[in-house]
Amino acid sequence: MRKECMYKVIPKRLLTLGFAAGFSLSTGIATADGQIAVVTNDITIDPGEEFGATVVLNGDGRYDVYIGVVGGVLGEVIHAFDADGAFIPWDPEGPPPVKLRDNVDLASLSVNERIIPVLPRIPLDGFAGTYMFYAALTPPGELDFQEQYLDALQVEIK
């Protein structure tokens, strides 16, 4: 009864954003104030520490979800994450990058489905450098990256 009452009073979208903000505050990382956010356990990873990354979705609408990383040992080549967790190089002159999720209806997602683990917490020895993680939502089938549907986070691995 209490849980049902809470969901009627607090909109689902606010609960998701609250979870994302709570998660980010517990890890020391701020999330974007928008439809999508990249959240990591830390922005500076010392040798021997583990690193994990998650994408958090907010709002409603129907979108394709992309996440990519560039920098460090990857150099200037953007690598996009696919639905299986592999990251695949993307040539901006070639075909579109792989999608993390395809044609997602954000309004129909549960709170758990709005939180997408991208990298589990793993040791990243041998990957020293500065990396930029990008997350984006686009209309299905389009590559129209708009600022309110983008997030970026810089991570340094020592």
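The structure this text deals with has already been given above.
Reading the values: the criteria
- Here the residue numbers are simple positions, counted from 1 along each chain's written sequence.
- At least 70 in pLDDT is required for a residue's local features to be given in this predicted model, at least 80 for side-chain atom pairs to be given and counted, and no such filter applies to totals for whole chains, interfaces and linings, which use all residues.
- Processing note: side-chain calculations cover all non-hydrogen atoms of the structure and skip hydrogens and water entirely.
- Comment: elements are numbered from the N terminus, with helices defined as DSSP H or I runs of at least four residues and strands as E runs of at least two.
- Each residue is placed in one exposure class: buried if its accessible area under a 1.4 Å probe, protein chains only, is under 20% of its type's maximum, exposed if it is over 50%, and partly exposed if it falls in between.
- Nonpolar cores are built from buried Ala, Val, Leu, Ile, Met, Phe, Trp, Tyr and Cys residues. Side-chain atoms within 4.5 Å join them into one set.
- Here a residue-residue contact requires only that any non-hydrogen atoms of the pair lie within 4.5 Å.
- Residues form patches when they are more than 30% accessible in relative terms and have no salt bridge. Like charges link within 9 Å. Nonpolar side chains (Val, Leu, Ile, Met, Phe, Trp, Tyr) link within 5 Å.
- Computed by Shrake-Rupley with a 1.4 Å probe, the accessible areas treat only the displayed protein chains as cover when residues are assessed.
- For this document, the term salt bridge refers to a Lys or Arg side-chain nitrogen within 4 Å of an Asp or Glu carboxyl oxygen.
- At least two DSSP bridges between two strands are needed for those strands to be called paired.
- Orientation is described by axes fitted as lines to C-alpha atoms, over the contacting stretch for helices, and by angles from 0 to 180 degrees between their N-to-C directions.

Draft legend 1. Geometry of unusual backbone geometry. Of note, the phi angle at Asn103 is positive, near 55°, even though the residue is not glycine. Secondary-structure assignment places Asn103 in strand S7 (residues 101-105). Judged by relative accessible area, which is 34%, Asn103 ranks as partly exposed.

Draft legend 2. Expanded view of the pairing of strand S1 (residues 36-40). In terms of residue burial, S1 counts as a mostly covered element, since five of its five residues are buried. Taking every second residue as pointing to the same face, both faces of S1 are buried, with Ile36, Val38 and Thr40 on one and Ala37 and Val39 on the other.

Draft legend 3. Geometry of the nonpolar core. Membership of the largest hydrophobic core comes to 29 residues, with the highest contact counts inside it found for Phe51, Val55, Leu57, Phe81, Leu100, Phe133 and Leu137. Put simply, the parts of the chain that give this core at least two residues each are S1, strand S3 (50-57), strand S4 (62-71), strand S8 (115-123), strand S9 (129-138) and strand S10 (150-157). For Phe81, the residues in contact, after removing those within four places along its chain, are Ile67, Gly68, Val69, Ala86, Phe87, Val98, Lys99, Leu100, Val118, Leu119 and Phe133.

Draft legend 4. Just a nonpolar patch on the surface, in detail. Where nonpolar side chains cluster on the molecular surface, the patch consists of Leu143, Phe145 and Leu150 and spans about 230 Å² of accessible area. Mapped onto the secondary structure, Leu150 falls in strand S10.

Draft legend 5. Inspection of the sheet that holds S1 at higher detail. What the three strands build is an open sheet, ordered S1-S3-S8; its pairing is antiparallel. Edge positions in the open sheet fall to S1 and S8, since each of these has one partner strand only. Ignoring which end each strand starts from, the neighbouring axes of this sheet average 10° apart. With five bridges connecting them, S1 and S3 associate as antiparallel partners. Residue pairing across strands places Ala37 opposite Val56, the latter belonging to S3.

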